[in-house]
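This is what each chain is made of:
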Amino acid sequence: MLVTLEGIDGSGKSTLHAALRELLADLDPVFTREPGATWVGDAVRRAIAEQIDPVTEATLFVADHAAHLATVVRPALAEGKLVISDRYSDSRYAYQSVTLQGIIPEPEQWLRAMHNGWSIIPDRTFLCVLPIDEALTRLKPAGAREHFEKREVLEKVQNNYLAYARNEPSRFVVVDAMLEKEAIAEFVAGAIRQDLKSGKKKRKK
Ligand code: TMP
């Protein structure tokens, strides 16, 4: 079963990812992330830091995803493992739809077309949602932030995520990221166990 954690910067999903390591240790999941689980991730981090051309950045994120699928996700799923990824394809749709606005005619369609037919759709996606002001206070001081971590960008990104959750209610679970982090982790861990029990792990290829 493939589980993904999504949300804007500052939404606490990386803290949640870390907490699930302990809470789900008995299931021996594969914990992974995008970007950064492959060597392509290093190029992506450099692209983010250097604020290169948005199309270059977007295609590097997709390249990292392809390498991530090939080297981590597919092999683990083939072994019947539970895979929990901190960010995945919805990050591309939500963020690069914003960064490619005005550069590519229909950014979201273009991004989805780049994934269609070969990528793997998650079985379950937990979307951590919170007020933008709260996310900004949880982030680094303004001068040290990545170029995504601005109010205008994060507002649009979160609205994109919420639209995806509305369109795919059977996959998305929206999590109130203002709750105590322990409560969030317990809820998500419980929901994952429930999914495993109810057979979501049986993937249709
Ligand atoms: P991180 O903070 O989860 O490590 O992710 C780094 C940044 O990269 C974060 O601001 C979100 C952004 N990002 C995208 O814009 N598109 C993507 O496809 C992914 C995976 C991350």
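Above this text sits the structure in question.
Just so you know, these numbers come straight off a predicted model, no measurement behind them.

**Q** Help me understand the overall build of the protein chain, please; the structure alone is not making it clear to me.
**A** Along the protein chain, the regular secondary structure elements total eight helices and five strands. Traced from its N-terminal end to its C-terminal end, the protein chain shows the element sequence β-α-β-α-α-β-α-α-β-α-α-β-α. Its C-alpha atoms give the protein chain a radius of gyration of 16 Å, near enough to 17 Å, the size a compact globule of 205 residues would have. The principal-axis extents of the C-alpha atoms in the protein chain amount to approximately 45 × 35 × 30 Å. Within the span of the protein chain, comprising 205 residues, buried residues form 50% of the whole.

**Q** What's the story with the side chain of Ser11 in this structure? I'm lost.
**A** Tracing the chain through its elements places Ser11 in the loop between strand S1 (2-7) and helix H1 (13-23). With a relative accessible area of 3%, Ser11 lands in the buried category. In terms of polar contacts, Ser11 uses its side chain to reach the backbone carbonyl oxygen of Ile8, at 2.7 Å. Look past the residues within four positions of Ser11 in its chain and what remains in contact with it is Cys128, Leu130, Arg138 and Ala177.

**Q** Would you take a moment to explain the layout of surface pockets for this structure?
**A** Taken as a whole, the largest pocket holds about 620 Å³ of empty space. Around the largest pocket sit 37 residues that line it, and Ile8, Gly10, Lys13, Ser14 and Arg87 are the ones nearest its centre. At the level of secondary structure, the elements contributing two or more residues to the lining of the largest pocket comprise H1, helix H2 (40-50), helix H4 (89-99) and helix H8 (181-197). Top element by residues in the lining of the largest pocket is H1. It accounts for seven residues. Of the residues belonging to the lining of the largest pocket, the class tally is 15 nonpolar, seven polar and 15 charged. There is about 210 Å³ of room inside the second largest pocket. As for the second largest pocket, its lining consists of 13 residues, and the residues nearest its centre are Tyr93, His115, Asn116, Ile120 and Ile121. For the lining of the second largest pocket, the elements supplying multiple residues, two or more each, are H4 and helix H5 (107-115). Residue classes in the lining of the second largest pocket are distributed as four nonpolar, five polar and four charged.

**Q** Could you clarify how one ought to interpret the pairing of strand S3 (residues 83-86) in this entry?
**A** For a regular strand, side chains alternate in direction, first toward one face of the sheet and then toward the other. Here S3 shows no split at all, with Val83 and Ser85 on one side and Ile84 and Asp86 on the other all buried. As paired strands, strand S2 (residues 30-33) and S3 are joined by four bridges and run parallel to one another. Each bridged residue has a counterpart across the sheet, and for Thr32 the counterpart in S3 is Ser85.

**Q** Sorry if this is basic, but what is going on with the site of the ligand here?
**A** In the neighbourhood of the ligand, 15 residues make up the surrounding shell, with Asp9, Arg33, Arg87, Arg92 and Gln96 lying closest. Arg87 is positioned such that a nitrogen or oxygen atom in its side chain is 2.7 Å from an oxygen atom of the ligand. Contact with the protein chains covers 93% of the free accessible surface of the ligand, which is 480 Å². Given that more than half its atoms are within 2 Å of the pocket grid, the ligand belongs to the largest pocket. For the shell around the ligand, the secondary structure elements donating two or more residues are H2 and H4. The dominant element in the shell around the ligand, judged by the number of residues it contributes, is H4, at four residues. Its residues assigned to classes, the shell around the ligand comprises five nonpolar, two polar and eight charged.

Rules behind the numbers
Residues numbered from 1 in each chain as written. Predicted model: local features only at pLDDT ≥ 70, side-chain atom pairs only at ≥ 80, totals over all residues. Heavy atoms only, no water. Helix = DSSP H or I, 4+ residues; strand = E, 2+ residues; numbered from the N terminus. Rg over C-alpha atoms; globule rule 2.2 N^0.38 Å. Buried < 20%, exposed > 50% of the residue type's maximum accessible area, 1.4 Å probe, protein only. Polar contact = N/O pair within 3.5 Å; in protein donor to acceptor, adjacent residues only side chain to side chain. Contact = heavy atoms within 4.5 Å. 1 Å grid on protein atoms, 1.4 Å probe; cavity = no way out; pocket = protein on both sides within 12 Å on 5 of 7 lines; lining within 4 Å. Points joined across faces, edges and corners; volume = space filled by probe spheres on them. Nonpolar A, V, L, I, M, F, W, Y, C, P; charged D, E, K, R; others polar. Pairing = 2+ DSSP bridges. Near = heavy atom within 4 Å. Areas by Shrake-Rupley, 256 points an atom, 1.4 Å probe, with all protein chains shown as cover. Sits in = over half its atoms within 2 Å of the grid points.

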